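Remarks on the overall topology
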Amino acid sequence: MGGGSSDPWFPDTVATVLVDKSGLLQAEQSGEPKQDFLEASPYYDMSNIPVNTYKAKTPFMGKVKSVKRIVGPEATGETCDIVIDHGGKMPYWEGQSYGVIPPGVKDNGKPNTVRLYSIASTRYGDDMTGNTGTLCVRRATYWCPELKADDPAKKGICSNFLCDAKAGDELKMTGPSGKVMLLPESAPETDIIMVATGTGIAPYRGFIRRLFTEKTPYGEDFKGVAWLFLGVANSDALLYDNEWQPILKAHPKNFRLDYALSREATNAKGGKMYIQDKVEEYADEVFERLEKGAHMYFCGLKGMMPGIQDMLKSVCEKKEIDRSEEHTSELQSL
Ligand code: NAP
């Protein structure tokens, strides 16, 4: 098992992975053309993953291709899918992040600094040309209790810049960065358990598209179960559900999906249904899969982690096995 580390650019968030190996189910195949022009050789060879190709001092100038609101009217806040054209010059692997440097200066007069966003597409991009990357960004607003209104002076600079961008706009980019959230491609029998709150879904969209939507060599070899747990406020705030439903239909044995709608459902104790409560409903199975080698990823609000730790601990106690320290120390190394 291996640990991970939280992203320094998201001090309130967590992105990590628990490692193992297992899985029995057979991935489905199809006769469609292969998506393989950006594969390593062999495809799971990670020795040449691009890392920090562009740095803050010499950023890449990307071009916005599209900005689309992807949540319904009753969602809490606005979340956008933003496709960026990199002309094939800023390749990345699924699970990596791009940095964006918003224009303007900070209060101290110095230029704004880079913000990291997990890439929400595969290396091929949504148009499968290898020329684009997709970000999933929630517009950060600040509700001022005194004004009893949003205070525009305290809104998120970069998320608002991105959500307000128009096709053709240029943006300064860094990266790609990160090697923590990569897929275990050299062991395609490994189960993948993905836990997200809100826009923490971003890296998993890349994972799931690589596994099931695109005809990649990893997708062809995959024999495990990919299980997505997503927590959002309500049904209007669900992210990319239109993409998950056809995959569920086409791959019922290899893809599973569970939602925690915090403002529409309650947990067993009558409180908000948070993602840790949903994972807890499957505690035994999740634990067994981890024991057999599943990788478990977390991305989103750090607040979910204590619940996950407690859940693993209580399964250990129930099973009267002394593994809790092993599991919890993994989770604490974020
Ligand atoms: P959000 O909409 O604020 O929250 C998503 C869900 O999490 C809601 O149902 C919320 O419930 C629930 N939640 C709140 N506190 C929780 C807790 N303690 N435990 C479990 N669930 C809890 O999420 P978001 O604004 O999209 O933000 C998600 C986080 O992911 C952000 O911190 C973001 O920085 C991070 N992230 C983003 C990316 C990216 O590339 N975009 C990548 C990595 C991480 P209620 O609101 O009903 O309480």
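Residues numbered from 1 in each chain as written. Predicted model: local features only at pLDDT ≥ 70, side-chain atom pairs only at ≥ 80, totals over all residues. Heavy atoms only, no water.

**Description of the overall build of the chain**
Scanning the chain from N- to C-terminus turns up eight helices and 13 strands. Sorting the 334 residues of the chain into buried and exposed places 52% on the buried side. Of the roughly 15,400 Å² that the chain leaves accessible, carbon and sulfur atoms contribute 52%. (Helix = DSSP H or I, 4+ residues; strand = E, 2+ residues; numbered from the N terminus. Buried < 20%, exposed > 50% of the residue type's maximum accessible area, 1.4 Å probe, protein only. Areas by Shrake-Rupley, 256 points an atom, 1.4 Å probe, with all protein chains shown as cover.)

**Overview of the nonpolar core**
Most often, soluble globular proteins have nonpolar side chains that are buried together. If you look at the biggest cluster of nonpolar residues, it comprises 35 residues, and the most contacted ones within it are Ile192, Tyr204, Ile208, Leu228, Trp244 and Phe255. Among the secondary structure elements, those contributing two or more residues to this core are strand 10 (192–197), helix 2 (202–213), strand 11 (226–232), helix 4 (241–250), strand 12 (255–261) and strand 13 (295–301). Element by element, the count of residues in this core is highest for helix 2, at six residues. The next biggest cluster of nonpolar side chains, apart from the first, holds 23 residues, and it includes Met296, Met305, Ile308 and Leu312. (Core = buried A, V, L, I, M, F, W, Y, C linked by side-chain atoms within 4.5 Å.)

**Re the site of the ligand**
Around the ligand sit 25 residues, and of these Cys136, Arg138, Ser262, Arg263 and Tyr274 come closest. Cys136 has a polar backbone atom sitting 2.7 Å from a nitrogen atom of the ligand. Within the backbone of Thr199, a nitrogen or oxygen atom sits 2.8 Å from an oxygen atom of the ligand. Notes on the ligand: free accessible area 930 Å², of which the protein chains cover 82%. Elements with a contribution of two residues or more to the shell around the ligand: strand 5 (115–118), strand 6 (132–138), strand 11 and strand 13. Of the residues forming the shell around the ligand, the biggest block, three residues, is contributed by strand 13. Taken together, the residues that form the shell around the ligand break down as ten nonpolar, eleven polar and four charged. (Near = heavy atom within 4 Å. Polar contact = N/O pair within 3.5 Å; in protein donor to acceptor, adjacent residues only side chain to side chain. Nonpolar A, V, L, I, M, F, W, Y, C, P; charged D, E, K, R; others polar.)

**Brief notes about the pairing of strand 13**
Counting buried positions along strand 13 yields six of seven residues, so the element is predominantly enclosed. In the sheet, strand 10 pairs with strand 13 via five bridges, with the strands oriented parallel. Its bridge partner lying in strand 13, Ala196 is registered against Cys299. (Pairing = 2+ DSSP bridges.)

**A look at the confidence of the model for the chain**
The predicted model of the chain has a mean per-residue pLDDT of 88, with 86% of residues at 70 or higher. The low-confidence segment residues 1–11 (pLDDT under 50) makes 37 contacts with residues lying over four places distant or belonging to another chain. Contacts of residues 19–30 to residues separated by more than four positions or lying in other chains number 46 contacts, the stretch itself having pLDDT below 50. (pLDDT = per-residue confidence, 0-100. Contact = heavy atoms within 4.5 Å.)

**Considering the layout of surface pockets**
Taken as a whole, the second largest pocket holds about 220 Å³ of empty space. Breaking the lining of the second largest pocket down by element, the ones donating at least two residues are strand 2 (60–69) and helix 4. Counting residues per element, the lining of the second largest pocket draws most heavily on helix 4, at three residues. Classifying every residue of the lining of the second largest pocket by side-chain character gives three nonpolar, two polar and six charged. (1 Å grid on protein atoms, 1.4 Å probe; cavity = no way out; pocket = protein on both sides within 12 Å on 5 of 7 lines; lining within 4 Å. Points joined across faces, edges and corners; volume = space filled by probe spheres on them.)

**Considerations on the environment of Met90**
By the element assignment, Met90 lies in the loop between strand 3 (79–85) and strand 4 (97–101). For the pair Met90 and Gly62, spaced 28 residues apart in sequence, the C-alpha separation works out to 8.9 Å. Once residues within four sequence positions are removed from consideration, Met90 is found in contact with Tyr54, Phe60, Tyr98, Met173, Thr174, Gly175 and Pro176.

**A closer look at the pattern of salt bridges**
Counted according to the given criterion, the structure contains 20 salt bridges. Between Arg210 and Glu94 there is a salt bridge whose closest N-O contact spans 3.7 Å. Taken as a pair, Arg210 in helix 2 and Glu94 in the loop between strand 3 and strand 4 lie far apart in primary sequence, 116 residues in all. Taking the relative accessible area as the measure of exposure, Arg210 reaches 0% and is therefore buried. If you follow the salt bridges from partner to partner, you end up with Glu39, Glu94, Arg123, Glu185 and Arg210 in one network. (Salt bridge = Lys/Arg side-chain N within 4 Å of Asp/Glu carboxyl O.)

**Some remarks on the packing of helix 6 (residues 283–291) against helix 7 (residues 305–319)**
Close contact between helix 6 and helix 7 brings their axes to 10 Å; oriented N to C, the two are set at 85°. Classified by the interaxial angle, the pair formed by helix 6 and helix 7 is roughly perpendicular. Facing helix 6, whose interface residues are Ala283, Asp284, Phe287, Glu288 and Leu290, helix 7 presents Met311, Leu312, Val315, Cys316, Lys318 and Lys319. Residue composition of the contact of helix 6 with helix 7, by class: seven nonpolar, no polar and four charged. (Axes fitted to C-alpha atoms, helices over the stretch in contact; angles between N-to-C directions. Parallel < 35°, antiparallel > 145°, perpendicular 65-115°, else oblique.)

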